[in-house]
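# Close look at the chain arrangement
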Amino acid sequence: DGPLAVYIGLAKRHHNFEAEVIDLGQYSAKHSNSCMFLTCAVALADRRERGHDDGPLGTVAEKIEAALPFGQAISLADLIQEHQQDRCSTLGLMADVLRDAACEVLLSEKDYFVPFFHPVSLVHGASSKDSYEMWVGRLRGDEEGDELVVLALSRLCGMAVQPVQKSGYRVPLMDPFGDPTGWISYW
């Protein structure tokens, strides 16, 4: 019973969801610690492959379209295989677009996100808002995402995200649109 089996079991027990786990590694085209962004990229590609055309809008959608030309018949399985062979894959490029977009959302909607931001330690003399901006600056590099990033991606992509924690505790559904019948992605 390794971590994958634990995750699959918790998804089933807590959410009655049959999870399929795919290891894409941690690397996007340009960054490390990109697991969350790769997961979001796969969720978007999977949603599109299932015939839905919802998801991010505006500039983010245009950048994702440039990375993943949905007009072409590229299966999700082929996208996954491509990424497992080359981090500069379509999914890797999409993950980088999503990282950049999440950082922009975190900064442009700072008043929404800062009340949830409680770093373990503040930089000496820095306010919580200053520490928040420094954290987003690190996130633009190789900083690992956290629940605030999941929330930003959820808002950005128009999907509810149900985190499945390997620790076993149940995390509430992150549904910024309040529609429990809508699109739910399990991470």
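Below you will find a few notes about this structure.

To continue, consider the packing of helix H5 (residues 90-108) against helix H8 (residues 147-157). As a packed pair, H5 and H8 sit with axes 9 Å apart at the nearest point and diverge in direction by 100°. Taken as axis vectors, H5 and H8 run roughly perpendicular relative to one another. Note on element contacts: H8 touches H5 through Leu148, Val149, Ala152, Leu153, Leu156 and Cys157, opposite Leu98, Ala101, Ala102, Val105 and Leu106. Residues belonging to the contact of H5 with H8 are distributed by class as follows: 11 nonpolar, no polar and no charged.

Take the side chain of Arg99 next. Note on placement: Arg99 falls in helix H5. It turns out Arg99 is buried and unbridged, and the closest side chain with the opposite charge, Asp96, is 5.0 Å from it. The contact partners of Arg99, leaving out residues within four places of it in the chain, are His31, Ser32, Asn33, Ser34, Phe37, Leu139, Arg140, Gly141, Asp142 and Glu143.

Applying the stated criterion across every chain, the model contains six aromatic pairs. Ring geometry for Phe17 against Tyr186: centres 3.9 Å apart, planes inclined by 15°, an arrangement best described as stacked. Of this pair, Phe17 sits in the loop between helix H1 (3-15) and helix H2 (35-49) while Tyr186 sits in strand S2 (residues 184-186), placing them 169 residues apart in sequence. Phe17 sits in the partly exposed class, given a relative accessible area of 30%. Ring geometry for Phe117 and Tyr132: centres 5.3 Å apart, planes at 85°, overall edge-to-face. Highlighted residues: Phe117 in the loop between helix H6 (110-113) and helix H7 (128-139) and Tyr132 in helix H7, separated in sequence by 15 residues. Tyr132 shares its class with Phe117; the two are buried. Every member of this aromatic cluster is reached through a ring pair, and the members are Tyr112, Phe113 and Phe116. Over the ring of Tyr112 we find Arg155; its NZ or CZ atom is 3.9 Å from the centre of that ring.

Glancing now at H2. For H2, which comprises 15 residues, the first-to-last C-alpha distance of 21 Å matches the rise-based estimate of 21 Å (1.5 Å per residue) to within 8%. Along H2, the positions that sit buried rather than exposed are Met36, Phe37, Leu38, Cys40, Ala41, Val42, Ala43, Leu44, Ala45 and Arg47. Positioned one or two residues after H2, Gly51 has a phi angle of 95°, which is positive.

As a working rule, side chains carrying opposite charge can pair if their charged atoms are close by. A complete count under the given rule lists seven salt bridges for this structure. We note a salt bridge from Glu18 to Lys12, for which the minimum N-O separation is 3.0 Å. Residue classification places Glu18 among the exposed positions, given a relative accessible area of 59%. Exposure remark for Lys12: the relative accessible area of 36% places this residue in the partly exposed category.

The next subject is the nonpolar core. Grouped together as the largest cluster of nonpolar side chains are 45 residues, with contacts concentrated most on Leu91, Leu98, Leu106, Tyr132, Trp135, Leu153 and Trp187. Where this core is concerned, the elements lending two or more residues are H2, helix H3 (58-67), helix H4 (76-85), H5, H7 and H8. Examining the composition of this core, we find that 10 residues originate from one element, H5, more than from any other. Not counting residues within four places of it along the chain, the set of residues in contact with Leu91 comprises Leu38, Ala41, Val42, Ala45, Leu79, Ile80 and His83. Within the second largest apolar cluster, five residues are counted, among which are Tyr7, Leu10, Ala11 and Ala19.

The rules behind the values
Residues numbered from 1 in each chain as written. Predicted model: local features only at pLDDT ≥ 70, side-chain atom pairs only at ≥ 80, totals over all residues. Heavy atoms only, no water. Axes fitted to C-alpha atoms, helices over the stretch in contact; angles between N-to-C directions. Helix = DSSP H or I, 4+ residues; strand = E, 2+ residues; numbered from the N terminus. Parallel < 35°, antiparallel > 145°, perpendicular 65-115°, else oblique. Contact = heavy atoms within 4.5 Å. Nonpolar A, V, L, I, M, F, W, Y, C, P; charged D, E, K, R; others polar. Buried < 20%, exposed > 50% of the residue type's maximum accessible area, 1.4 Å probe, protein only. Lys, Arg positive; Asp, Glu negative; His and termini not counted. Salt bridge = Lys/Arg side-chain N within 4 Å of Asp/Glu carboxyl O. Phe/Tyr/Trp six-rings, centres within 6.5 Å; stacked < 30°, edge-to-face > 60°. Lys NZ or Arg CZ within 6 Å of the ring centre and 35° of its normal. Expected span 1.5 Å × (residues − 1). Core = buried A, V, L, I, M, F, W, Y, C linked by side-chain atoms within 4.5 Å.

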